[in-house]
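Chain by chain, the residues run as shown.
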Amino acid sequence: AQSVSQHNHHVILSEAASLELGCNYSYGGTVNLFWYVQYPGQHLQLLLKYFSGDPLVKGIKGFEAEFIKSKFSFNLRKPSVQWSDTAEYFCAVNARGNNRLAFGKGNQVVVIP
Amino acid sequence: SAVISQKPSRDICQRGTSLTIQCQVDSQVTMMFWYRQQPGQSLTLIATANQGSEATYESGFVIDKFPISRPNLTFSTLTVSNMSPEDSSIYLCSVGRQFYEQYFGPGTRLTVT
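Residues numbered from 1 in each chain as written. Chains lettered and ligands numbered in written order. Predicted model: local features only at pLDDT ≥ 70, side-chain atom pairs only at ≥ 80, totals over all residues. Heavy atoms only, no water.

Is there a simple way to think about the overall build of chain A in this case?
When helices and strands are counted, chain A shows zero helices and 12 strands. Walking chain A from its N terminus toward its C terminus, one meets helices and strands in the order β-β-β-β-β-β-β-β-β-β-β-β. When contacts within chain A are restricted to residue pairs at least 6 apart in sequence, long-range pairs at least 24 apart make up 56% of them. Accessible surface computed for chain A: about 5400 Å², of which carbon and sulfur atoms make up 52%. The average position of the 10 basic charges and that of the 7 acidic charges among the side chains of chain A differ by 9 Å. (Helix = DSSP H or I, 4+ residues; strand = E, 2+ residues; numbered from the N terminus. Contact = heavy atoms within 4.5 Å. Areas by Shrake-Rupley, 256 points an atom, 1.4 Å probe, with all protein chains shown as cover. Lys, Arg positive; Asp, Glu negative; His and termini not counted. Charge placed at Lys NZ, Arg CZ, Asp CG, Glu CD.)

In C-alpha cells:
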C-alpha cells in the first residue's frame, strides 16, 4: 500500500514570503498525485493534480507542484503567499488504476499579514 | 466537480449509541468513498461504497462497526455503531471523477461523550 509523508506540520510565514511544502510517497508503481487545501471553515478542495506529462503542474491561486519521480516527491510551491493562503494543505496519492487515496498528515500554514 | 452535501454537519452522541451520516451528490457518480479524520490526524479511507453490492472496507474497518448503504448513484449512508469516545472524528464522503480525482463533502463532525 502507498504511504505519504509531509514534514513541517506547522508553517508560519509573512505575506509575500515564498512557500514550499514537501511531499514524499512510497510506492513503486505509477501514481496519480494531488494536493488538497482546506481553508478555515471550508471543506477540502482540490488544489492541483498530476497524472502524466509535464512534471511541473500549475493549480489554482498561483500554486504549482513539481513531480520528481526519482525522489518520489511532489512538492508544492507558491512564490509569494497571501494572508488568504492560510489553510491546511494535504498531499495525496493513489496508484494508477486504483481510486483509493492515501493522504499525508497535512501542513498547517499560517500567513501573517 | 460535484456538489456534495452531508447530514448532519455535526452531532454530539452518547457512548453506545449509533449515528447514521448521509451523503448526497447532485449528479450520478460511480465511485463514492467514506473517510475519517481523527483529531490532529490525516484522512483515512474507511471504505468504498459500491452501488448494488456490499461496501469494500479497508484494513482495520469492519462492516459491523461501520455499515454502509449505497441504494443509488447519488446517495450513500455511513453508520457509526456502538460508539465510543475514540470514534470522535470528522467523517467525510467523497466522489470519484475522471482521472481518479476525488471531490469531498463538507464533513460531519462527531463527538462521542
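What is the right way to look at the interface of chain A and chain B in this model?
Interface size is commonly expressed as the accessible area that is lost once the parts come together. Counting residues at the interface gives 20 residues for chain A and 18 residues for chain B. Buried surface at the junction of chain A and chain B, both sides included, amounts to about 1600 Å², of which 58% is carbon and sulfur. When residues of chain A are sorted by the area they lose upon contact with chain B, A:Asn99, A:Arg100 and A:Phe103 head the list and together hold 31% of the total. Residues A:Lys49 and B:Glu101 are paired through a salt bridge, measuring 3.1 Å at the closest nitrogen-oxygen approach. Connecting chain A to chain B are four residue pairs in polar contact (both at pLDDT 80 or more). Per-element accounting of the side of chain A that touches chain B gives the leading share, four residues, to strand S5 (residues 31–38) of chain A. By residue class, the composition of the side of chain A that touches chain B is eight nonpolar, eight polar and four charged. (Buried area = accessible area lost by both parts, 1.4 Å probe. Salt bridge = Lys/Arg side-chain N within 4 Å of Asp/Glu carboxyl O. Polar contact = N/O pair within 3.5 Å; in protein donor to acceptor, adjacent residues only side chain to side chain. Nonpolar A, V, L, I, M, F, W, Y, C, P; charged D, E, K, R; others polar.)

Such coordinate-based values are descriptive only and should not be taken to indicate function.
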